[in-house]
Each structure stands twice: as structure tokens, then as C-alpha cells.
Number of protein chains: 2
Amino acid sequence: MAQLDSVLACLDLNLDRSVERLFELMRLKSISTDPDYAGECRKTAEWLAGDLSAIGFSARVADSAGHPMVIAHHAGPSGVAGRVPHVLFYGHYDVQPVDPIELWDTEPFSPALKTMPDGTRRIVGRGSADDKGQLMTFVEACRAYIAETGSLPCRVTIFLEGEEESGSPSLLPFLDAHREELSADVALICDTNMWDRDTPAISTGLRGLVGEEVVVRAADKDLHSGYFGGAAANPIRILSKIIGDLHDADGRVTLPGFYDGVEELPDDVRTIWDELGFDEAAFLGQVGLSVPAGERGRTVLEQVWARPTAEVNGIEGGYTGKGFKTVIAAEAFAKISFRLVFSQDPARIRESFRAFVRERLPADCSVEFHEHGGSPAIQLPFDSAVLRTAREALSDEWPKPAVMIGMGGSIPVVGEFKRRLGMGSLLVGFGLGDDRIHSPNEKYELSSYAKGQRSWARILDAIGRDGVA
Amino acid sequence: MAQLDSVLACLDLNLDRSVERLFELMRLKSISTDPDYAGECRKTAEWLAGDLSAIGFSARVADSAGHPMVIAHHAGPSGVAGRVPHVLFYGHYDVQPVDPIELWDTEPFSPALKTMPDGTRRIVGRGSADDKGQLMTFVEACRAYIAETGSLPCRVTIFLEGEEESGSPSLLPFLDAHREELSADVALICDTNMWDRDTPAISTGLRGLVGEEVVVRAADKDLHSGYFGGAAANPIRILSKIIGDLHDADGRVTLPGFYDGVEELPDDVRTIWDELGFDEAAFLGQVGLSVPAGERGRTVLEQVWARPTAEVNGIEGGYTGKGFKTVIAAEAFAKISFRLVFSQDPARIRESFRAFVRERLPADCSVEFHEHGGSPAIQLPFDSAVLRTAREALSDEWPKPAVMIGMGGSIPVVGEFKRRLGMGSLLVGFGLGDDRIHSPNEKYELSSYAKGQRSWARILDAIGRDGVA
């Protein structure tokens, strides 16, 4: 325990410097979805490999078909009897685009510390939470552990990808090609939220995701709506109608077969969630809303953790500049995603959506689809040894004991670790619901960053002591 | 007649130089809807006033609340007995925006002459047809007439506005403030099409227009569709649903009261239109379409000349860049226009639309409307003296006799001339249906430009001889 105490003290002592390091990382514009930023993505990978090498990992940038990966190994303690537990830490160094840029209060890639009226401090900038701040909590824990003890309490592999925000197109072949190197006893993932500011959480369920881009075309050029209006098909109108048809009056998705594989929440899970005392009004109120907009008759927690959705994430067509232009556009497009639960099949839902669009396409119109990732939902066990270990370690660090929660977002790698490497995952993250990830003014609480580092030190220490099975 | 012949010969002789002058005018980027181009609009007005002064008009740039107007006067022949007929020529020097810029084969504001495989030549660039090329046909006719005869055959006022493409916000107060100066026996307007390449046309009916921009807002920031998807209102989905509701399955507009004032086509008009021998397949085929997309059971000519429409001219919301972003946008907007016929009331239709949107707005959502112009439809007489005069003059110039047609577009000034100045209008234009006005690669046939000039010389000559009543 004296050893852990000195590691925790070291983390506290070096907090300012750890913030500086995170700022360096956040200044790199690693927007993976936009090919213009490929160079920045590589620089980010190189920065991380360099930092991990500096603290004693054997680290390298590993090329993939897309943005490069970072792999780093540390053998853990030497001279101990028996097998050393082996964990793989997964994170992603890429970030979301920054638009609408005009809504940012600060430059997205000029990170800063901001003190709030209540005295709390936060790190602001793109990637502060998702996922640069979160992944650096683990790196900083390792740095302090090695600095204080000369090693790590268990064997650690760090695996960082650069395409998580753009559907991870290179991940699967990369996992297959590096199966041996990336297999461990358990994967630790830091890309999720706490329950609230005082209550750490382990996420045990994640929704899946299907991303689709649909382009509808009609005339072979933009038309004058005076000359052709009334006679020519209008792609915006057609696309809008299709989107409007995607939900019924009760908020249910109308795609044929969409609810195949969707189950009602098991009673034990419902009990756990009920005990969380979730405040629907506060959850919606933090973003200026007051009425749940999803499926009628479902609680908000069900709507965001246990029910599937269809969302339009973007749409554009015709004249969108200042003023007005009486044009009938030749084409319009939308980016649409589906969140999946239980055993919904991403491939079948993609096909059902495409058929749904094609059936609604009038004469003279054509459609083009672009796939943007797909992964099923994930349910992790509620009672594994590593989960119990982590729960205790987290409860030691934070004001309130750790809880187990669901999650509305998607972390497809969790399913692939299981499927391809036979490896379970532990999802522990220190984000908060108001971190505005993917949005302007993304932030990460300084307390998340500081106590997140301490939490990982505790978890690594406990795993080194207790193992993972 | 010898006098007219020499004017026509002068026009033929100076065609190249008249093209050069039009090119000068087209190089000025007078995009009225975008405030960034206000300076270019003023330069364009100054260029025109300068050119009209140079040929003998008393011309000036007249300030308005928005982009400036150009007013020019020529007293016509001196020393003739009795009252000289007085015409007002109206045109507009502003142009549409150029996006999508990537679809242009040439720079929009670098006009050029292009020879086609069939040997015809065309002027390409923004404004070549709408309306710089068209208005210059009249200016060139005046130039040649004055050069050959020392004067014009009738009194001519030229009135050019710079806000036609952006709803003419300053026109009405300007007309009221300059009622005396702008009143004439008849207005001549050159902003319409021929029936086909060989057949000149006088437009006797125009649809009205209501332009609306609607902005739907929900959460007070962009949201992560994983965390909030299923619980948060999505403005794109809401806006799409509203747009989808605007038409029924038969293509009719569903706004309450929308068809109030819409009449069936009178038999005599139907007869005239039937005799035109309109080729629906060719009309749609020129833009890559084959099936009329408007109200079921209506001919294409009815759909574009005699039936009202609701069109979405632009839409945008959420992430529209490369790749994918799982965001629920805080807002989405659409630009929507209605084409009006017969006695549909623009104000009532605007109100009906706004009520329609508000009724469909779910909880937590707000809406904002921006007005972009409104004008009723116009029906001009089929048998006025000036119309007969122009019809004969046009028939003398072109291979086939002039026909009277409807028009799907809107020229609101026609109604205002009648209402405010008690002045009728004669709509003669030399555009063709494939001129791609408002679209990339706008063009104006060189034959339109050359024979358009000759047509105006003939019409002015005939009005000088026969008067307008």
C-alpha cells in the first residue's frame, strides 16, 4: 500500500506537468474523418509513441491501411513468481471535426484551463475528453508508477487507434494481423462516462451503430424552380419525405425488421438502473430540453441505453448560402445513423434501410449509398473478477462507490476484441454528460483528469495484486 | 423603312463590339443576395449609367435602401408633331450566386464565346442570359438607333434594378418615390424566353412567388447521438417531416387554403397552349428527366405555367463534411418557395405555411422564419395594341411568327408597375429553356443576343410609328 501511496503522491505532484503534456497532444489536429488531416494524425501517433518510449515502453507507430496505430509494450515486474497478469489498454487519438467552428468560445486546437464560477477547473478544446484526455489518464498512471517503482505492477500493452471517430475502417484487418501481439487477459478502455461528478461508473452495455450516407439525384443539373417547378422531381423533397417516413407517430422506427432482436430490459438490469436514481429533467435540462423525444412509453434511460434509434446526423442540398435562390437542386444527401441494442444485426438493418429508400424513390431519381461503419450492440458481464477489482479500486478513490451503467454510444472495438482475440473488456471512463464531446466547447474536468490518473494507478495496482480471473 | 434597315445593318456590323461590352458587364460580380458583393453591385450600376450616358441618355445611379438603381432618359425624336410615345425599359443587373462552383466548366465571371459542334455560338458565364445579356439587347438597339439616326423613334426611360434575384426589397418604396419619373405608356421587359430557337414569344402570364426560410431549433447545443439519441429532439428529422408533409400522394400541396384563388385554365388559353405543340419529353429530357413529377393529371405546361407549387430550394443541418459525425444538430434550416397562379394571395400563403410548421413543432422546439419576397401571379392581356405591334415586329425578324406563352417564373415588378404606376408591361425575351439560368454554366445564344438587338430595334421603330394605344 505504501507503494501505491507514493505513486498517488507522485501523480498529485506532477498534475500541472501532466496537463501540459495533454495540451501538447491536443494541439495536434487529428481529425480522422477528413483526409486533409492525415498528416496531423500521423504526427499524433508519433508523439504518443515517443512519449511512451520515454517512460519505458517499447513503443512504435504501426502502419495500417488508414491512419497509423500506436503499439507499446511493458513487461511489468521482473523476478516475481508465477504468471504476471497482462492487460491491454485501448484508446483512440483521433478526434471529431470542429464545425460549427463559429460556436466555439476558444480555438478548438488551442487547449486551455478554465476556472468556473464555482471554483472547478476544466480543460477545454477538441479531444480534451474524447479521447485524448481519457487515454492520457492511463498513460500518466503508468508514468508515475514506473517513476516511483521502476516498473508496472502488471504486464501492459497499450494500443491506440486513429480512426475511432470515422468508423475504424482499418481496425479489423489490423487486429487479425496482430492477434498475438494484441491479445491479453483483459482490455481496459477509457472512453466512457462517470455516473455523475462524484460517482465513478463501469459501463457494461453499449449500443451498436450503423452509419449510412444517402445521396438522391434527379435532374442532371440544378434547375430554375420557376421554369421547372411543378414538373421536375426535387431531390430535397424526396429525401425529406423518406426521412419523415422513418418514424411513426409513437417515435418507433418504421424500417421493416428493425426491431428483430430487440428485447425488453431484463428485470435485474431494470432494478440496477432504477436504483441509480436517474434525473430525467436534469439530463435533458443540461442541453436545454425538457420532454423525452424518443419512443413513447419508455424512460429516458431506456431510450438512450436500451432502445434502438434512427437519427439524421447531417443533411444538405440546394442553395444554403445567405439570401435566397430559386433553384431545384440536382441532388441532396443525408448522413443517417442507427443505434442498435441487444442482437440487432447491423448488416440486415443496413439492407432494410437501403430497400426502404429505393422503394420510395420516384421515377427519374437515382440513389447512391455510402457505408460509414457498422457494429452490433455489446453486453458485458455484471460480475467478472476484474470488474469487482476495478469497482473496489474506484470506490476507494471517489466520494461515492462505483456503479454499473449502460451507455448510449458505441465502442465497436469491444465486440471485436471478444470476437477476434477472445478478450473481455473493462470500460472505465471519467467523462461527464456535459463534456460536449463531438460538439463545440468540448471540455474535460480537471478533477476527471487528476482522479482518473489516480483511479488507473489503483486499478493497475489491484490487478497486479489480485490478477484478473 | 430605310432608316430601320440602316439600324439593323449597324447592329450586324457591331456585333463583336457589343459582345465585348457585354463581357465587360459580366465580369462584374453583382451577386445581390450576398452582402459581400455590395461593392460589385454598385460598380455594375456605375458601369451601366456610364455606358448609357456615353450613347446619349441622361443617366444616373440612384441610391435605394439596398443596391442602387440605374435610371436613364432619352427624349426621343424632336420636332415631331403630337405626343411622342414613351416606353420604360426594365431590366436587372444583379445575378444569382454561382455555387455549386465546382460544376462550372469555365469561371462564372470570366465570360467567353464558345462554338458548339453544330456551329452555333454561345456566350457563357453568370448573367449571360439572366439578365445582363437580355438587358443589353435593348441597350445595343438604342445605341445603334442613335448612332444611325441621331435619336430614338420614341421617348425611352431605362430603369435597371440590382435586387431582382434577392426579392427586390427596395423596389416598392423606390417606385413610390419615383412615380413621376418612372411612369410611361408601357413597360418593356426583357427577362423571359423564346418558345424555341426559331420562335419568338411574348409572355402573357407569370407565376407569383413566396420565399420563406425556416429555422428549426431544439437542444441549445449540438449533441452526441450516442448519449442523447432516442431522448433528444432532432431538428433535421422534424424539418424533414414537415417538408414531407407539404405534398400529398397526388403531388398537391397540403397547406390549408393553398388552392384558394386557383382557377382552371380558361378554354381560350388552353387552346392557344395546345396549338404550341409542346413536347413534354423534350422539355424534361433536356435536363435528364422523363416523367412529370408534379400534380397528377396535369400536363407539363399546366404544371409549370398554370399550377402552384411548393419547392424546397435549399436545406442544411448537422454534419455535412467528408466522412461521418454522430451528432444531433442544435438546428436545421430550409429555404422554401411557393409559385403562385391566378389570384392566390402571397400573404395568406405565407401565414398558412407558418401555421403549418408551428402546428407540427414538437415540444422543446422553436422555429424562426425569414421572409424572402412575395408577389402574386400576373395575367397580361392577350390583345393590346402594343402586343400586336410587337408580335408583328418579332415575326418580321425570326424564322417563325411570334407566339403568346405562359411562364413558370416570377417577375414581381410587372404587378407593381400596374399597381403603383398604372402601367402595363410587354414581356419579350430571347432566352432559351436550356440557358441554365441560376445554374452552373449559364449561357446565352449568340443568335439570341444578335437577333434580340435587332428585335428591339424593330419594336422601337414600330412603336415610334404606331404608338402604343
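What you see is a predicted model; the values in this text were computed from it and never measured. (Residues numbered from 1 in each chain as written. Chains lettered and ligands numbered in written order. Predicted model: local features only at pLDDT ≥ 70, side-chain atom pairs only at ≥ 80, totals over all residues.)

A. Representation of the overall build of chain A within the structure. Of regular secondary structure, chain A possesses 15 helices and 18 strands. Against the compact-globule benchmark of 23 Å for 469 residues, chain A has a radius of gyration of 23 Å, which places it among compact chains. Each principal axis of the C-alpha atoms in chain A carries an extent, and together these give about 80 × 50 × 50 Å. For chain A, with 469 residues in total, the buried portion stands at 56%. (Helix = DSSP H or I, 4+ residues; strand = E, 2+ residues; numbered from the N terminus. Rg over C-alpha atoms; globule rule 2.2 N^0.38 Å. Buried ≥ 20, exposed ≤ 12 C-beta atoms within 10 Å, placed from the backbone.)

B. Focus on the domain arrangement of chain A. Residue and element names in this part refer to chain A. For chain A, the assigned domains are domain 1 (2-205 + 379-466) and domain 2 (208-262 + 308-375). In this assembly, 6 residues from domain 1 lie in contact with 7 residues from domain 2. Residues that form the side of domain 1 that touches domain 2 fall into these classes: 1 nonpolar, 5 polar and no charged. (Domains from an automatic or database assignment. Contact = placed C-beta atoms within 7 Å. Nonpolar A, V, L, I, M, F, W, Y, C, P; charged D, E, K, R; others polar.)

C. Representation of the interface of chain A and chain B. The interface is formed by 83 residues belonging to chain A together with 83 residues belonging to chain B. Elements that contribute at least two residues to the side of chain A that touches chain B include exactly β10 (223-224), α7 (225-228), α8 (235-244), α11 (300-306), β11 (309-318), β12 (327-328) and β13 (331-340) of chain A. Tallying contributions element by element places β11(A) first for the side of chain A that touches chain B, with 9 residues. Here the side of chain A that touches chain B is built from residues that sort into 31 nonpolar, 34 polar and 18 charged. Examined bridge by bridge, β11(A) and strand β11 (residues 309-318) of chain B share 5 bridges and lie antiparallel to one another. Within β11(B), the residue paired with A:Gly314 across the bridge is B:Gly318. (Pairing = 2+ DSSP bridges.)

D. Quick peek at unusual backbone geometry. Residue and element names in this part refer to chain A. The omega angle of the peptide bond from Asp-99 to Pro-100 is 0 degrees, so this bond is cis rather than trans. Mapped onto the elements, Pro-100 comes out in the loop between β3 (86-92) and β4 (112-115). Phi is positive for Asn-441, which is not a glycine, with a value near 60 degrees. Its location among the elements puts Asn-441 in the loop between β17 (424-429) and β18 (443-445). According to the C-beta neighbour criterion, Asn-441 is partly exposed, with 19 such atoms within 10 Å.

E. A look at the nonpolar core. Grouped together as the largest cluster of nonpolar side chains are 288 residues, with contacts concentrated most on A:Ala232, B:Ala232 and B:Ala457. The residues contacting B:Ala457, other than those within four sequence positions of it, are B:Leu4, B:Val7, B:Leu8, B:Leu11, B:Ala141, B:Ala144 and B:Tyr145. (Core = buried A, V, L, I, M, F, W, Y, C linked by C-beta atoms within 7 Å.)

F. Region of the structure containing the sheet that holds β11(B). Taking strand neighbours across the sheet as the criterion, the 8 strands line up as β14(A)-β9(A)-β13(A)-β11(A)-β11(B)-β13(B)-β9(B)-β14(B) in an open arrangement whose pairing is antiparallel. Of all the strands in the sheet, just β14 (366-375) of chain A together with β14 (366-375) of chain B have a single pairing partner and so form its edges. Each adjacent strand pair in this sheet contributes to an overall mean axis angle of 20 degrees, direction not counted. Pairing geometry for strand β9 (residues 208-217) of chain B and strand β13 (residues 331-340) of chain B, over 10 bridges, is antiparallel. (Axes fitted to C-alpha atoms, helices over the stretch in contact; angles between N-to-C directions.)

G. Spatial organisation of helix α15 (residues 446-466) of chain A. Residues and elements named next belong to chain A. The terminal C-alpha atoms of α15 lie 30 Å apart, and with 21 residues this matches the ideal 30 Å at 1.5 Å per residue to within 8%. The element α15 is largely enclosed, with a buried count of 16 among its 21 residues. Phi turns positive, to about 75 degrees, at Gly-467, one or two residues after α15. (Expected span 1.5 Å × (residues − 1).)

H. Examining the relation of the copies chain A and chain B more closely. The two copies are related by a screw operation: chain A maps onto chain B through 180 degrees of rotation and 0.0 Å of translation along the axis, at an RMSD of 0.0 Å. What we have between these two chains is a two-fold relation. The residues that chain A uses at the interface reappear at the interface of chain B in 100% of cases, marking a shared surface. (Least-squares fit on C-alpha atoms with pLDDT ≥ 70 in both.)

I. Structural detail: the pairing of strand β1 (residues 58-62) of chain B. All names here are of chain B. Sheet topology note: the β1/strand β2 (residues 69-74) ladder contains 5 bridges and is antiparallel. Following the sheet pairing, Val-61 is matched in β2 by Val-70. Taking the residues that link successive antiparallel strands as the turn, the β1-β2 hairpin has 6 residues.

J. Seen up close, the packing of helix α4 (residues 132-149) of chain B against helix α15 (residues 446-466) of chain B. All names here are of chain B. Direction vectors running N to C along α4 and α15 enclose 55 degrees, while the axes themselves pass 8 Å from each other. The orientation of α4 with respect to α15, classified from their angle, is oblique. Once α4 is placed against α15, the crossing between them reads as right-handed. Here Gly-133, Thr-137, Phe-138, Glu-140, Ala-141, Ala-144 and Tyr-145 of α4 come into contact with α15, specifically with Tyr-449, Gly-452, Gln-453, Trp-456, Ala-457 and Leu-460. (Parallel < 35°, antiparallel > 145°, perpendicular 65-115°, else oblique. Left-handed = near helix turned anticlockwise from the far one by under 90°.)

K. Layout of the confidence of the model for chain A. On average, chain A scores 94 in pLDDT, and the residues at 70 or more come to 100%. Listed scores for the predicted complex are pTM 0.79 and ipTM 0.78. (pLDDT = per-residue confidence, 0-100.)

L. Broad picture of the environment of A:Leu113. Residues and elements named next belong to chain A. Looking at where Leu-113 falls in the secondary structure, it is placed in strand β4. Note: C-alpha distance between Leu-113 and Ala-310 (197 residues apart in sequence) is 36 Å. Apart from the residues within four sequence positions on either side, Leu-113 is in contact with Val-19, Arg-121, Ile-123 and Leu-446.

M. Layout of the sheet that holds strand β5 (residues 121-124) of chain B. Residue and element names in this part refer to chain B. Here 3 strands make up an open sheet; going across it, the order is β4-β5-β18 and the pairing antiparallel. Both outer strands of the open sheet, β4 (112-115) and β18 (443-445), are each paired with one neighbouring strand and no more. Taking the axes of each pair of neighbouring strands and ignoring which way they run, one obtains an average angle of 30 degrees across the sheet. Two strands pair when backbone bridges link them, and β4 and β5 are joined in this way by 4 bridges, in the antiparallel orientation. Bridge pairing in β5 places Leu-113 opposite Ile-123. Along the sheet face, α15 touches β4, β5 and β18 and points at about 55 degrees away from the line of β18.

N. Main features of the packing of helix α13 (residues 385-397) of chain A against α15(A). Residue and element names in this part refer to chain A. Packing of α13 against α15 brings their axes to within 9 Å, and their N-to-C directions diverge by 140 degrees. One element, α13, and the other, α15, form an angle in the oblique class. Here the hand of the crossing between α13 and α15 comes out right-handed. Along its contact with α13, which presents Thr-389, Ala-390, Glu-392, Ala-393, Leu-394, Asp-396 and Glu-397, the element α15 presents Lys-451, Arg-454, Ser-455, Arg-458, Ile-459, Ala-462, Ile-463 and Asp-466. For the contact of α13 with α15, the per-class residue count stands at 6 nonpolar, 2 polar and 7 charged.

O. Quick look at the environment of A:His224. Tracing the backbone through its elements, the reader meets A:His224 in strand β10. Judged by local crowding, A:His224 falls into the buried class, with 22 C-beta atoms found within 10 Å. In this structure the C-alpha to C-alpha distance between A:His224 and A:Val327, which are 103 residues apart in sequence, comes to 4.8 Å. Ignoring anything within four residues of it in the chain, the contact list for A:His224 reads A:Thr326, A:Val327, B:Gly409, B:Ile437 and B:His438.

P. Quick look at helix α14 (residues 413-421) of chain B. Residues and elements named next belong to chain B. Taken residue by residue, α14 has Val-413, Val-414 and Phe-417 as its buried positions. In an axial view of α14, the angular spread of the buried residues amounts to 110 degrees, which keeps them on one side of the axis. The elements touched by buried residues of α14 are β3 (86-92), α5 (171-177), β7 (186-189), β8 (201-206), β15 (378-379) and β17 (424-429). Where α14 terminates, the next one or two residues include Gly-422, which has phi positive at roughly 65 degrees. (Arc of directions from axis to C-beta.)

Q. Molecular detail of the environment of B:Asp461. All names here are of chain B. Counting through the fold element by element, Asp-461 comes out in helix α15. With 23 C-beta atoms counted inside 10 Å, the residue Asp-461 sits in the buried group. Sequence spacing of Asp-461 and Val-7 is 454 residues, and the spatial spacing of their C-alpha atoms is 9.8 Å.

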